[in-house]
Amino acid sequence: MNTPTPSADPRHTRPQYTEGAPIADTSAPGGPIADRWDTRRFTAKLVNPANRRKHTVIVVGTGLAGGSAGATLAEQGYHVVQFCYQDSPRRAHSIAAQGGINAAKNYRNDGDSIHRLFYDTVKGGDFRARESNVHRLAQISVEIIDQCVAQGVPFAREYGGLLDTRSFGGVQVSRTFYARGQTGQQLLLGAYQALSRQIAAGNVEMHPRTEMLDLVVVDGAARGIVARDLVTGEISTHTADAVVLATGGYGNVFHLSTNAMNSNATAVWRAHRRGAYFANPCFTQIHPTCIPRSGEHQSKLTLMSESLRNDGRIWVPATAGDTRPPALIPEDERDYYLERIYPSFGNLVPRDIASRAAKKVCDEGRGVGPGGQGVYLDFADAIARTGRGAVEEKYGNLFEMYQRITAEDPYEVPMRIYPAVHYTMGGLWVDYDLQTTVPGLFAIGEANFSDHGANRLGASALMQGLADGYFVLPATLNDYLARNSALPTVDPADPAVLEAVEEVRERLRRLVNVRGDRTADSFHREIGELMWEFCGMARTEQGLREALERIPLIREEFWRRITVPGTEAEFNQSLERANRVVDYLELAELMCLDALHRAESCGGHFREESQTPDGEAARDDEAFGYAAAWEFTGTGNPPVLHREDLVFDYVHPTQRSYA
Amino acid sequence: MRIALRIWRQKNTEAPGAMREYEMDGVSPDMSFLEMLDTLNERLTLEGEDPVAFDHDCREGICGACSLVIDGQAHGPERTTACQLHMRSFRDGDTIDVEPWRAAAFPVVRDLVVDRSAFDRIIQSGGYVSVPTGAAPEAHATPVPKPDADRAFEHAECIGCGACVAACPNGSAMLFTSAKVNHLGALPQGAPERETRVLDMVAQMDAEGFGGCTLTGECATACPKGIPLTSITAMNREWLRANRKVARK
């Protein structure tokens with residue numbers, strides 16, 4: 001493994017990567033966009049129901065995407081072998097999603113339609129998503145609600161017994177279905193229950209507390225995984241006809257994020273190392289409404305749902321250095337800056353815009369709370385208008401959570417919020433069939449890059465996870481298996497299998513044997529702080545170059561100084577953590593490189609060099625109207641860039657305006 | 001703050017366990033309880049001692065992974081999950097006991113980590129609506145009266161943490177089981193499988209080795225999501241009704 005030698009003055013070198021062949025075929029059918037999904041389903045080959053049980057499919061992850069995929073594939077008759085690192089499939093981090101799920105039902109008769117959801121999502125993503133995929137997502141959205149209601153998901157309802165909806169950022173219709181502030185929990189439990197039914201029926205072989213550590217590629221196709229039993233430490237291989245990764249996003253590269261503590265990038269990064277291209281890694285979403293950090297001990301950040309922006313008003317003092325308590329700041333000395341700058345969307349502008357605006361007012365010295373890293377989210381008007389009871393009904397659990405964490409009562413004093421890393425739009429590159437560049441390897445949900453472009457709209461993650469798992473993957477995987485019905489059985493002694501197992505064992509042994517003087521968490525914190533500073537809400541060429549200089553040094557230090565107590569052959573949470581940090585230290589480098597090469601601003605990717613006179617993100621469609629898919633060539637080696645040109649036939653790229 | 005901890009240490013399911021004492025200085029009242037344990041673990045790691053194993057994940061009180069008995073109470077002195085408990089709930093100089101869930105059906109895996117797979121098997125025995133993907137009718141085809149939807153939601157809030165079992169002197173899983181029975185039972189979508197669901201889930205619950213219910217109510221007091229004790233009486237009624245109906249057939 002050789003690391004490229006840094007030149008004398010890194011600011012004058014071009015980013016270290018090479019250009020590869022563009023991606024010519026995304027397998028998306030042609031024709032009118034509204035017909036493409038029908039066309040694809042019709043051209044897909046089918047597997048005879050009686051033959052399906054002969055096929056084994058591995059699904060890694062049990063969140064909304066993985067849980068729904070595992071259940072549906074098993075219902076179709078496939079033999080599913082499924083994995084999650086949690087002690088139960090019910091705990092995947094989809095469970096923490098609060099606000100809601102979008103669907104173009106138009107129950108409100110407020111002008112919504114499939115085409116509008118499609119349009120909003122493409123525009124919200126700042127024109128960096130593939131039109132065909134997004135349109136399919138909008139079409140399927142309506143079926144998801146039907147499916148979940150039938151499963152017994154207790155969505156919020158009106159007194160007439162029909163489903164209630166609310167609004168989310170970046171849209172002007174009310175299409176978000178919800179279950180109080182626990183929509184993710186209720187949808188996930190629906191998928192978990194469907195999965196449980198298939199486990200009981202013997203159609204799904206479930207392996208909880210088991211973590212995928214590598215992908216097995218035989219003769220160019222994904223044929224299995226190497227996994228570690230987190231209780232015994234035992235390393236095992238599992239083979240199949242296809243592998244589905246539903247392992248979520250990589251926001252934990254930043255150390256502090258709204259992800260679960262154990263959410264990690266190992267599965268996708270290992271797949272990337274085995275040949276799957278990684279697309280748009282720099283597209284990360286910083287969510288505007290999180291509880292600010294309270295000190296050095298902070299282990300994670302907690303989101304306050306975007307739905308709060310329906311009724312809460314965001315403001316800071318009009319003048320810098322105003323430290324009066326909020327109640328003592330008169331109305332005319334407050335700056336409701338979102339309402340002022342974006343009158344038509346107000347507090348409900350998309351997340352990237354709200355986050356940057358918050359950073360801007362804090363940088364001006366108008367931030368509130370400890371360190372000036374916060375803005376107010378104020379419910380006084382809503383409480384005065386609708387009464388405390390109505391606010392409690394809608395947001396009770398969120399208010400309670402806020403109070404528990406901060407010891408402040410948001411019914412009495414405004415919440416303090418600050419942006420935090422929340423979601424990653426980037427992920428494994430997939431074609432229209434959700435297949436990666438490794439045949440037989442599919443990526444669904446947040447693990448892929450497909451639908452949200454450079455910025456995801458609120459309540460669209462749940463929609464995409466369930467669309468992929470319940471409806472898209474089962475159809476496209478069918479086609480792959482039908483076309484590869486005679487795959488030879490994988491020999492456990494195949495060199496590809498043995499090599500993958502040995503690599504995993506060697507890495508774990510190495511981690512345990514360094515016996516240095518720094519913990520995995522200290523390295524995680526270091527890389528996270530570096531990423532937040534240089535690859536966070538605002539990025540510059542100089543900063544990214546500095547990060548790219550420092551990351552290889554941190555990696556080198558990691559392998560010299562890491563200490564992992566215990567052994568690899570036992571329950572060892574320190575080893576789990578250290579092993580994940582190894583992958584963050586490589587992925588972080590690709591994220592910075594991608595951010596450096598994309599010398600435009602778009603969505604969540606804000607390059608300070610590329611902004612409009614009024615400080616908004618300035619896209620460069622001419623130069624960067626593509627998805628960047630990166631090919632791995634070795635740790636520290638320059639990766640290869642493959643461009644997928646994005647074609648917009650239906651939503652013409654314009655400067656996004658929410659004013 | 002300065003606190004003393006007494007923590008249950010147990011190498012694996014078979015090994016004997018014991019309480020061990022640790023002193024902690026410089027604890028911030030704004031730390032969550034788990035962040036306090038993180039700090040201890042960082043120190044133990046650097047001192048060459050095995051850190052304390054404990055289950056945790058979302059740290060937002062919703063995944064249900066955390067499972068600590070703190071000073072004899074499941075999830076500690078506040079009505080929340082351990083991850084949402086903050087050190088400001090304790091006093092400077094306190095000695096705090098930390099133990100795993102204690103129940104026959106939840107064997108200790110290591111230190112504070114227990115095996116709760118029995119809960120998954122209870123759900124697998126009937127805690128679902130049989131509706132294969134694609135078979136669903138239009139969502140508005142069946143209006144659900146708001147009081148029924150609200151009642152379903154109230155029970156669906158269960159996070160499956162197991163505090164109810166840990167708090168129960170009998171180690172009973174009645175509150176967990178009844179929450180799912182009542183969630184699905186309150187909705188028209190759950191009606192067709194109403195009888196088999198309650199009978200099968202209760203049978204599985206008994207087979208897992210959970211204790212019987214004597215309605216002491218500790219479970220509902222410990223539940224971080226406020227699943228009410230009446231959930232259990234409602235399930236008893238469901239179970240009797242189902243038995244009578246099945247007997248008639």
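Note that the structure is predicted; figures quoted are calculated from it, not measured.

**Examining the overall build of chain B**
Helix and strand counts for chain B come out as 8 helices and 7 strands. Viewed in the frame of its principal axes, chain B has a C-alpha envelope of about 65 × 35 × 35 Å. The proportion of buried residues among the 249 residues of chain B is 52%. For chain B, the proportion of contacts with a sequence separation of at least 24, taken over those separated by at least 6, is 71%.

**Looking at the overall build of chain A**
In terms of helices and strands, chain A carries 17 helices and 21 strands. In summary, chain A has a C-alpha radius of gyration of 24 Å against a globular reference of 26 Å for 659 residues, a match within 12%. Principal axes of the C-alpha set define a box for chain A whose edges measure 75 × 65 × 50 Å. Out of the 659 residues belonging to chain A, those deemed buried represent 60%. Long-range pairs, those at least 24 residues apart, make up 74% of the contacts in chain A between residues at least 6 apart in sequence.

**So, the interface of chain A and chain B**
Taken together, the contacts link 59 residues of chain A with 62 residues of chain B. Those elements that provide at least two residues to the side of chain A that touches chain B are α3 (64-76), α5 (131-151), α6 (183-200), α11 (388-406) and α16 (573-597) of chain A. The dominant element in the side of chain A that touches chain B, judged by the number of residues it contributes, is α6(A), at 9 residues. Broken down by class, the residue content of the side of chain A that touches chain B amounts to 22 nonpolar, 25 polar and 12 charged.

**Section: α5(A)**
All names here are of chain A. When the terminal C-alpha atoms of α5 are compared, their 30 Å separation across 21 residues agrees well with the 30 Å that a helix rising 1.5 Å per residue should span. At I140, α5 is deflected by roughly 35 degrees, the largest bend along its length. Within α5, 19 of the 21 residues are buried, leaving the element largely enclosed by the surrounding structure. With its phi angle positive at about 95 degrees, G152 sits one or two positions after the end of α5.

**Points about the packing of α3(A) against α6(A)**
Residues and elements named next belong to chain A. At a closest axis distance of 8 Å, the pairing of α3 and α6 adopts a crossing angle of 30 degrees. Crossing angle aside, the handedness with which α3 passes α6 is left-handed. Note on element contacts: α6 touches α3 through L187, L188, A191, Y192, A194, L195 and Q198, opposite L64, G67, S68, G70, A71, A74 and E75.

**Points about the sheet that holds strand β20 (residues 626-631) of chain A**
Residues and elements named next belong to chain A. Here 5 strands make up an open sheet; going across it, the order is β1-β21-β20-β12-β18 and the pairing mixed. Sheet topology places β1 (18-19) and β18 (427-428) at the edges, where each strand pairs with a single neighbour. Bridge analysis of β1 against strand β21 (residues 640-645) gives 2 bridges, and the strand direction is parallel. Bridge pairing in β21 places T18 opposite V640.

**A closer look at the nonpolar core**
Judged by nonpolar contacts, the single largest core of 283 residues is most densely connected at V244(A), L245(A), L428(A), C592(A) and V165(B). A per-element tally of this core places α16(A) first, with 14 residues. Not counting residues up to four positions away in its chain, the partners in contact with C592(A) are F534(A), C535(A), L544(A), A547(A), L548(A) and I551(A).

**Some thoughts on the sheet that holds strand β10 (residues 235-239) of chain A**
All names here are of chain A. Taken in spatial order, the 3 strands make up an open sheet running β8-β9-β10, and their pairing is antiparallel. Each of the sheet's edge strands pairs with one partner strand only, and the pair in question is β8 (210-218) and β10. Across this sheet, the average inter-strand angle for adjacent strands is 25 degrees, counted without regard to direction. Sitting on the sheet, helix α13 (residues 495-513) is in contact with β8, β9 (221-229) and β10, with an inclination near 145 degrees to β8.

**Structural notes on the environment of R643(A)**
Residues and elements named next belong to chain A. In this fold, R643 is placed in strand β21. The class of R643 is partly exposed, set by 16 C-beta atoms lying within 10 Å. For R643, the contacting residues outside a window of four places in its chain are P22, I23, Y626 and A628.

**Examining the pairing of strand β17 (residues 415-424) of chain A**
Residues and elements named next belong to chain A. The buried count for β17 comes to 10 of 10 residues, which makes it a mostly enclosed element. Alignment of strand β13 (residues 284-290) against β17, held across 5 bridges, turns out to be antiparallel. The residue bridging C290 from the neighbouring strand is Y418, located in β17. As judged from the 3 bridges shared by strand β16 (residues 375-378) and β17, these two strands associate in the antiparallel manner. By the bridge assignment for β17, L377 is matched with M415.

**Focus on unusual backbone geometry**
In this structure, D126(A) takes a positive phi of about 55 degrees despite not being glycine. As for its position among the elements, D126(A) is in the loop between α4 (114-124) and α5. One non-glycine residue, L215(B), lies in the positive phi region at around 50 degrees. Within the fold, L215(B) resides in the loop between α6 (194-207) and α7 (218-222).

**A word on the confidence of the model for chain A**
As a note on interpretation, predicted positions should not be read in detail where pLDDT is low. Across chain A, pLDDT averages 95, with 98% of residues at or above 70. Under a pLDDT of 50 for its full length, residues 1-11 of chain A has, in the predicted model, 16 contacts with residues more than four places off or in other chains.

**Brief notes about the pairing of β20(A)**
With 2 bridges connecting them, strand β12 (residues 278-279) of chain A and β20(A) associate as antiparallel partners. Directly across from A279(A), in β20(A), lies its bridge partner A629(A).

**A word on the environment of K146(B)**
Secondary-structure assignment places K146(B) in helix α3 (residues 146-156). With 62 residues separating them in the primary sequence, K146(B) and E208(B) have C-alpha atoms 35 Å apart. In this view, K146(B) contacts R157(A), E158(A), Y159(A) and G161(A); residues no more than four positions away in its chain are not counted.

Conventions we followed
Residues numbered from 1 in each chain as written. Chains lettered and ligands numbered in written order. Predicted model: local features only at pLDDT ≥ 70, side-chain atom pairs only at ≥ 80, totals over all residues. Helix = DSSP H or I, 4+ residues; strand = E, 2+ residues; numbered from the N terminus. Buried ≥ 20, exposed ≤ 12 C-beta atoms within 10 Å, placed from the backbone. Contact = placed C-beta atoms within 7 Å. Rg over C-alpha atoms; globule rule 2.2 N^0.38 Å. Nonpolar A, V, L, I, M, F, W, Y, C, P; charged D, E, K, R; others polar. Expected span 1.5 Å × (residues − 1). Bend = angle between axes of the 7 residues up to and from the residue. Axes fitted to C-alpha atoms, helices over the stretch in contact; angles between N-to-C directions. Left-handed = near helix turned anticlockwise from the far one by under 90°. Pairing = 2+ DSSP bridges. Core = buried A, V, L, I, M, F, W, Y, C linked by C-beta atoms within 7 Å. pLDDT = per-residue confidence, 0-100.

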